[in-house]
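# Structural overview
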Amino acid sequence: MTEETRQPFTAEDEAHMRRALQLAAHARDAEGEVPVGAVLVLGGEIVGLGWNRNITLHDPTAHAEVMALRAAGERLANHRVVGATLYVTLEPCAMCAMALIHARIGRVVYAATDPKTGAAGSVFDTLIDPRHNHRLSVQGGLLAEESSAMLREFFKARR
């Protein structure tokens, strides 16, 4: 099942994904984390940034998407980020997908697909399941090769 938006990516989309890639590189270089970064945008303004920190924080929920949601929640003093767009360098997992649905995100743009745990149609349909009470648009593939290369190099270096 796929419900991906087929509209072309904008220059703004690319700029935010490039920022997410910078955050992924930070996760890798500064904290030895799997390089995934996320940027949450509401009304044209960045309201949350995140990168993987689950190893650093000893927290299995500290994925880039969740960290961006937490930052936005604190900044906005609200657990909802209605209509926001999340840019993330890797397709969200099922945990992150449900957090995004509960936060009422409007759109998710991801770079690389995740063939092991992707929940936006690659492995699971969690993010795009029509049974949810909240629907969001999903668009994948923006700067996918750059994100995939960063992930491949990270795991190759760890072997």
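About the criteria used
Residues numbered from 1 in each chain as written. Predicted model: local features only at pLDDT ≥ 70, side-chain atom pairs only at ≥ 80, totals over all residues. Heavy atoms only, no water. UniProt positions renumbered as here; feature names shortened; annotations may be inferred. Helix = DSSP H or I, 4+ residues; strand = E, 2+ residues; numbered from the N terminus. Buried < 20%, exposed > 50% of the residue type's maximum accessible area, 1.4 Å probe, protein only. Axes fitted to C-alpha atoms, helices over the stretch in contact; angles between N-to-C directions. Parallel < 35°, antiparallel > 145°, perpendicular 65-115°, else oblique. Contact = heavy atoms within 4.5 Å. Nonpolar A, V, L, I, M, F, W, Y, C, P; charged D, E, K, R; others polar. Pairing = 2+ DSSP bridges.

Per an unreviewed UniProt entry, the recorded name for the protein is tRNA-specific adenosine deaminase, and the organism is Rhodanobacter hydrolyticus. UniProt, in its Sequence similarities (unreviewed entry) section for the protein, records the words "Belongs to the cytidine and deoxycytidylate deaminase family. ADAT2 subfamily."

Located in the positive-phi region is His58, a residue other than glycine, with phi close to 55 degrees. For Ala77, which is not a glycine, the phi torsion comes out positive at approximately 55 degrees. Inspection of the secondary structure assignment puts Ala77 in the loop between helix H3 (64-76) and strand E3 (85-90). Ala77 gets classed as exposed once you look at its relative accessible area, which sits at 70%.

With that settled, consider the packing of helix H1 (residues 11-31) against helix H5 (residues 144-158). Relative to each other, H1 and H5 sit at 5 degrees, their axes nearing to 11 Å. The angle between H1 and H5 falls in the class roughly parallel. When H1 is examined against H5, the residues Arg18, Leu21, Ala24, Ala25 and Arg28 are found in contact with a partner set consisting of Glu146, Ser147, Met150 and Phe154. Each residue belonging to the contact of H1 with H5 can be placed in one class, and the counts come to five nonpolar, one polar and three charged.

What follows deals with the sheet that holds strand E1 (residues 37-42). Pairing within the open sheet is mixed, and its five strands lie in the order E2-E1-E3-E4-E5. With partners counted over all chains shown, the strands left at the sheet margins are strand E2 (45-51) and strand E5 (137-140), one partner each. With direction set aside, neighbouring strand axes in the sheet form an average angle of 15 degrees. As defined by bridge partners, E1 adjoins E3 across four bridges and the pair is classed as antiparallel. From the neighbouring strand, Val41 faces E3, where its bridge partner is Thr85. This element, H1, spans E1, E2, E3 and strand E4 (107-112) of the sheet and lies at about 145 degrees to E1. Running over the sheet, H3 touches E1, E2 and E3 and is turned about 140 degrees from E2.

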